[in-house]
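# Examining the three-dimensional arrangement
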Amino acid sequence: MEGRITEKLTAIVARSHSLDALLESAVALIAQELDADACSLFLLEPATSRLMLRASAGASSSERGLADAALAAAEGLAGLALTQMLPEAREGPSRSLLAVPMALRGQPIGVLVVQAAGRTPYAAADIQALFGIAAQMVGVVENARLLEALGRGEDLASPGARRYVRPDTGEEVVRGIAASPGVAIGAAVFRRAFPRGHAHAPRASDEATERARVRDAFERARNDVVSIQSSAARDLGEEHALIFASHLLMLADPALHDRVDRALSSGGTAAEAIGAALGEISDKLRATGDPYLRERVEDVDDLHGRLLGHLALQEAPASIRAQIVVSPRVAPSLIMEMKAHASRGIVAELGGETSHGVLLARSFGLPAVTGAEGVTDRVDAGDLVVVDGSQGIVVIRPTLGTLARYEEQARREDRRRTEYARFREQPATTADGTRVTLLANVAFGADIALARDNGAEGIGLYRTEFSFIVRDGFPTRDEQARIYRKAYDAFTGASITFRLLDLASDKFVSSCGPAASQGAFHGYRSIRVLFDYPHVLRDQVQGLALAAGPRPLRILVPMVTSLQELLRIQAMTARAIEGIGEGEYQRRPTFGAMIEVPGAVEIIEDLAPHVDFFSIGTNDLIQYSLVADREDARMAPARDPYHPAVLRMIRRAITAAHRAGKPVSVCGEMAARPDLAMALVALGADALSVAPAVIPELKQALASANLGRLAAGMDVVLQSRDGPALQTALACACGRPP
Ligand code: PEP
Ligand code: MG
């Protein structure tokens, strides 16, 4: 039966011109196919979270619509099914009803109800059949909704369809995660992947011309890398000058050129010859048992994308040089390249909103959408693409109307940023006079400058690992000292907190062994890696101590899960400092522990006597307490910062730390949301550390907050039973009812 319904639903979709018409026809079809007297469809309205009747039908054409009593019964049952997210069947005196919830990626979007008078109760087979239909209806409904909303230029932030195509214009919309806000418009270039369609375009010219195209693409790719390297060295720091060095090596490799020549001689196009040559290399790398070499396949794919991108741009008008990067994922090194190359925005298939590459994109103000499934197969190099990082929407080959709307949105966002900018220089103070300490999270020289420009009072979290990742190796002790010294130079006299290396799967240095590249979520990361590579810790600690010289040195230990680990790292740190020998350097660092796993929250009283301060990392605290891998786009709804468990844990941590007389800051992304930032301050956080660009916006939000009233209301807020309820309660407590 399901196959038949699918076919008929497809026909309905093809001939319907509005969502209402589509839904009316669909429910009539379902009633008929399930031999029900009536069928009704309720949809959850994203703006109000209320279940609204959107379509209803009787089975026979003489009975369109439902009687009031039947409708009321359906509505009651629909509400129950939605709350429990389970099918609900009810047998009344005169009729049987069956309701099944409709969900998109675990989020409820509506309920389908069928009812029949004077028949036996619905059986398991009926439930299964209606479930199957409901699942198909999810896609149909959400595609139609998205299409309509886009046509009206509406807010698309509600849960919606993954993608839809407007066949008449070729415009295509892909939905993903709103990872880094802002609108970017430009031509697609591929990184770490290559456009498949382009690779197989037929040969349009003779062999000599194809050879010239290959030469040109190689030359442009080489110039590309050289210019990225020099702007990386200039803007991000000389330690980043070697970025993409492996590309230069490959581009100069005579064996690669021979392979390309052979493929061209046997009749291949420029794109095919490049694909064949690089494909041969990546096949060989994949075939080795060596995980390190297998990792290099990504470099080969990356170069492949770069070369094909240049082939495509040879045919594109010069005016579309503004680039949107299309990639399987948002690697930190890619964001560095984008920054150095002034690319506009990025869209990626994988990755969550707190992946480390995404955090970098946010700090550089690059709009990003992640979790855009299938995007690398749907875009071709040179296609015009809109990245709407505020709503998690990607529009491929937009129509002129869509473009105009996004250009207007970009102008609106610019105006908003200008408004926030007024707050840069002002201290962060609430309306009732509480002074709040706002610090910056930084990773590179570039965001240290941003932190100063945006009015940060100091550096609350220096993620030191990024300098290692970008070069994919270890800077020497003295190189590190030079890098860290820049923070002291930029923030004279201010508090600067350096975190020890926190290597993880997306923050990975190959030389740390392949194991660290996998399964960071499972626990082999951070100080656990450092225990296995003590010389790495030694060089870093010595670099930090030398950079500090006579100035205070604050060292933050990431991923603390036990007292033994903390004491072991402290002992190793002390030994490293002793090992420096003569000279002027900081011998007595101040120690902090990160609280970013639920276990650490539990033992905070035991840790407190051994540290000077705590810093709560909500990105990891959320992923580990709610079991939602921060790299996995599918887990985005589960990584809910409003989940009551999160704020309740934070309150316990802050209370316990304060009881022991130790200050606590919060440095996860949660602190960058104005309502949650206010909640954290109301719970007693002594400082917030956020991406530099967010600081003016937070200052503006705090300026209108009544902290006394909010603090008094936090008990009620924390009693909320789920995320949406907590978000609403918090909005009310902040004096901004939703
Ligand atoms: C965190 O986990 O919240 C944190 C600040 O550290 P990172 O995001 O670098 O893991
Ligand atoms: Mg962390």
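The structure displayed is predicted, hence computed values, not measured ones.

## Comments concerning the overall build of the protein
Scanning the protein from N- to C-terminus turns up 29 helices and 22 strands. Residue burial in the protein is summarised as follows: out of 738 residues, 56% are buried. Counting only carbon and sulfur atoms, one obtains 52% of the accessible surface of the protein, whose full area is about 29,400 Å².

## Focus: the pairing of strand S17 (residues 496-499)
Burial of the side chains of S17 extends over both faces: Ile496 and Phe498 are buried on one face and Thr497 and Arg499 on the other. For S17 and strand S18 (residues 554-557), the ladder comprises three bridges, and the chain directions are parallel. When the sheet's bridge partners are listed, Arg499 is paired in S18 with Leu556.

## Describing the coordination of the magnesium ion (ligand 2)
Every protein donor of the magnesium ion (ligand 2) is listed here as Glu596 (OE) and Asp620 (OD), and their distances to the metal cover 2.0 to 2.2 Å. Highlighted residues: Glu596 in the loop between strand S19 (590-595) and helix H22 (598-602) and Asp620 in helix H24 (residues 618-625), separated in sequence by 24 residues. In this structure Glu596 comes out as buried when scored by relative accessible area, which is 2%.

## So, the side chain of Glu465
Mapped onto the elements of the fold, Glu465 is located in helix H17 (residues 465-471). With a relative accessible area of 0%, Glu465 lands in the buried category. At 2.7 Å, the side chain of Glu465 forms a polar contact with the side chain of Arg499.

## Looking at the sheet that holds strand S15 (residues 437-442)
The parallel closed barrel is built from eight strands, whose spatial order is S15-S16-S17-S18-S19-S20-S21-S22. Neighbouring strand axes in the sheet, compared pairwise and without regard to direction, differ in orientation by 25 degrees on average. Summarising the sheet, S18 and S19 pair through four bridges and their orientation is parallel. Of the residues in S19, the one forming a bridge with Leu556 is Gly592. Across the sheet, helix H16 (residues 445-453) lies against S15 and strand S16 (459-463), angled at about 160 degrees from S15, the strand it touches most.

## Section: the packing of helix H28 (residues 707-718) against helix H29 (residues 723-733)
Interhelical geometry of H28 versus H29 gives an angle of 160 degrees and a closest axis separation of 9 Å. Overall, the two elements H28 and H29 adopt an arrangement that is roughly antiparallel. Like other packed secondary-structure pairs, H28 and H29 cross with a definite hand, here right-handed. Residues Arg709, Leu710, Met714 and Val717 of H28 form the contact with H29, whose own contacting residues are Leu726, Ala729, Leu730 and Ala733. When grouped by side-chain class, the residues that make up the contact of H28 with H29 number seven nonpolar, no polar and one charged.

## Details of the pairing of strand S7 (residues 172-175)
Within a regular beta strand, the side chains point alternately toward one face of the sheet and then the other, so they alternate between its two faces. Residues Glu172 and Val174 of S7 are buried on one face, and the alternating residues Val173 and Arg175, pointing to the opposite face, are buried as well. Direction of pairing for S7 relative to strand S14 (residues 393-396): antiparallel, over a ladder of four bridges. Across the sheet, Glu172 pairs through a bridge with Ile396, a residue of S14.

## A word on the side chain of Glu88
Along the chain, Glu88 falls in strand S3 (residues 88-91). With no salt bridge to any partner, buried Glu88 finds its closest opposite charge in Arg90, at an N-O distance of 5.8 Å. Non-local contacts of Glu88, meaning those with residues more than four positions away in its chain, are made with Leu77, Leu80, Ala81, Leu97, Leu98 and Ala99.

## A short note on helix H12 (residues 332-341)
Within H12, eight of the 10 residues are buried, which leaves the element mostly enclosed by the surrounding structure. Burial in H12 covers these residues: Pro332, Ser333, Leu334, Ile335, Met336, Glu337, Met338 and Ala340. Just beyond H12, the residue with positive phi is Ala342, at close to 55 degrees.

## So, the confidence of the model for the protein
Note that predicted coordinates carrying low pLDDT should not be read in detail. Averaged over all residues, the pLDDT of the protein equals 84, while 84% of them reach at least 70. Taken together, the stretch residues 155-161 has pLDDT below 50 and engages in 21 contacts with residues farther than four places along the chain or on a different chain. In the predicted structure, residues 316-320 sits below a pLDDT of 50 and forms three contacts with residues beyond four places in sequence or in another chain.

## Remarks on the site of ligand 1
By nearness alone, 17 residues border ligand 1, and Arg463, Arg499, Gly617, Asn619 and Arg630 come closest of all. Here an oxygen atom of ligand 1 and a backbone polar atom of Thr618 are 3.0 Å apart. Asp620 is positioned with one of its side-chain polar atoms (N or O) 2.9 Å from an oxygen atom of ligand 1. Burial of ligand 1 by the protein chains amounts to 100% of its free accessible area of 290 Å².

## A closer look at the packing of helix H26 (residues 674-682) against H28
H28 packs onto H26 with a crossing angle of 80 degrees between their chain directions and a minimal axis gap of 9 Å. Classed by the angle they form, the pair H26 and H28 counts as roughly perpendicular. Contact residues: H26 offers Met678, Ala679, Val681 and Ala682, while H28 offers Leu707, Leu710, Ala711 and Met714. Here the residues of the contact of H26 with H28 are counted per class, giving eight nonpolar, no polar and no charged.

## Concerning the nonpolar core
By size, the foremost hydrophobic cluster in this structure holds 103 residues, and its most contacted members are Phe614 and Leu647. Residues in contact with Phe614, not counting those within four places in the same chain, are Ala593, Ile595, Ile604, Leu607, Ala608, Ala657, Lys662, Pro663, Val664 and Ser665. The next biggest cluster of nonpolar side chains, apart from the first, holds 35 residues, and it includes Ile12, Leu98, Val114 and Ala134.

## A closer look at the pattern of salt bridges
A complete count under the given rule lists 29 salt bridges for this structure. We note a salt bridge from Glu280 to Arg259, for which the minimum N-O separation is 2.8 Å. Linking Glu280 in helix H9 (residues 270-287) with Arg259 in helix H8 (residues 254-265), this pair joins segments that are 21 residues apart in sequence. A salt bridge links Glu465 to Arg499; its shortest N-O distance comes to 2.7 Å. Residue Glu465 is found in helix H17, and its partner Arg499 is found in strand S17; the two are separated by 34 residues along the sequence. In this structure, Glu465 and Arg499 share a single accessibility class: buried. A single salt-bridge network, built from bridges that share partners, covers Glu465, Arg499, Asp502, Arg525, Asp620 and Arg630.

## Thoughts on helix H2 (residues 19-33)
If you check H2, its first and last C-alpha atoms are 21 Å apart, about what 15 residues at 1.5 Å a residue would give, namely 21 Å. Looking at H2, one finds that the buried residues are Leu19, Leu22, Leu23, Ala26, Val27, Ala28, Leu29, Ile30, Ala31 and Glu33. Taken from the residues just after H2, Asp35 is the one with a positive phi, measuring 60 degrees.

## Observations concerning unusual backbone geometry
For Arg397, which is not glycine, the phi torsion reads 50 degrees and is therefore positive. Locating Arg397 in the fold gives a position in the loop between S14 and helix H15 (400-421). Of note in this structure, Met559 is not a glycine but carries a positive phi near 50 degrees.

## Side note on the environment of Phe244
Along the chain, Phe244 falls in the loop between helix H6 (207-235) and helix H7 (245-251). Overall, the relative accessible area of 9% leaves Phe244 in the buried class. Taking C-alpha positions, Phe244 is 8.5 Å from Ile228, a pair spaced 16 residues apart along the chain. In this structure Phe244 touches Arg192, Val225, Ile228, Gln229, Asp302, Arg306, Ser333 and Glu337, once residues within four positions along its chain are discounted.

## Let's talk about the environment of Gly268
Along the polypeptide, Gly268 turns up in the loop between H8 and H9. As a C-alpha pair, Gly268 and Glu207 span 61 residues in sequence and 8.3 Å in three-dimensional space.

Thresholds, definitions, all that
Residues numbered from 1 in each chain as written. Chains lettered and ligands numbered in written order. Predicted model: local features only at pLDDT ≥ 70, side-chain atom pairs only at ≥ 80, totals over all residues. Heavy atoms only, no water. Helix = DSSP H or I, 4+ residues; strand = E, 2+ residues; numbered from the N terminus. Buried < 20%, exposed > 50% of the residue type's maximum accessible area, 1.4 Å probe, protein only. Areas by Shrake-Rupley, 256 points an atom, 1.4 Å probe, with all protein chains shown as cover. Pairing = 2+ DSSP bridges. Donors = N, O, S within 2.8 Å, 3.2 Å for Na, K, Ca; no water. Polar contact = N/O pair within 3.5 Å; in protein donor to acceptor, adjacent residues only side chain to side chain. Axes fitted to C-alpha atoms, helices over the stretch in contact; angles between N-to-C directions. Contact = heavy atoms within 4.5 Å. Parallel < 35°, antiparallel > 145°, perpendicular 65-115°, else oblique. Left-handed = near helix turned anticlockwise from the far one by under 90°. Nonpolar A, V, L, I, M, F, W, Y, C, P; charged D, E, K, R; others polar. Lys, Arg positive; Asp, Glu negative; His and termini not counted. Salt bridge = Lys/Arg side-chain N within 4 Å of Asp/Glu carboxyl O. pLDDT = per-residue confidence, 0-100. Near = heavy atom within 4 Å. Core = buried A, V, L, I, M, F, W, Y, C linked by side-chain atoms within 4.5 Å. Expected span 1.5 Å × (residues − 1).

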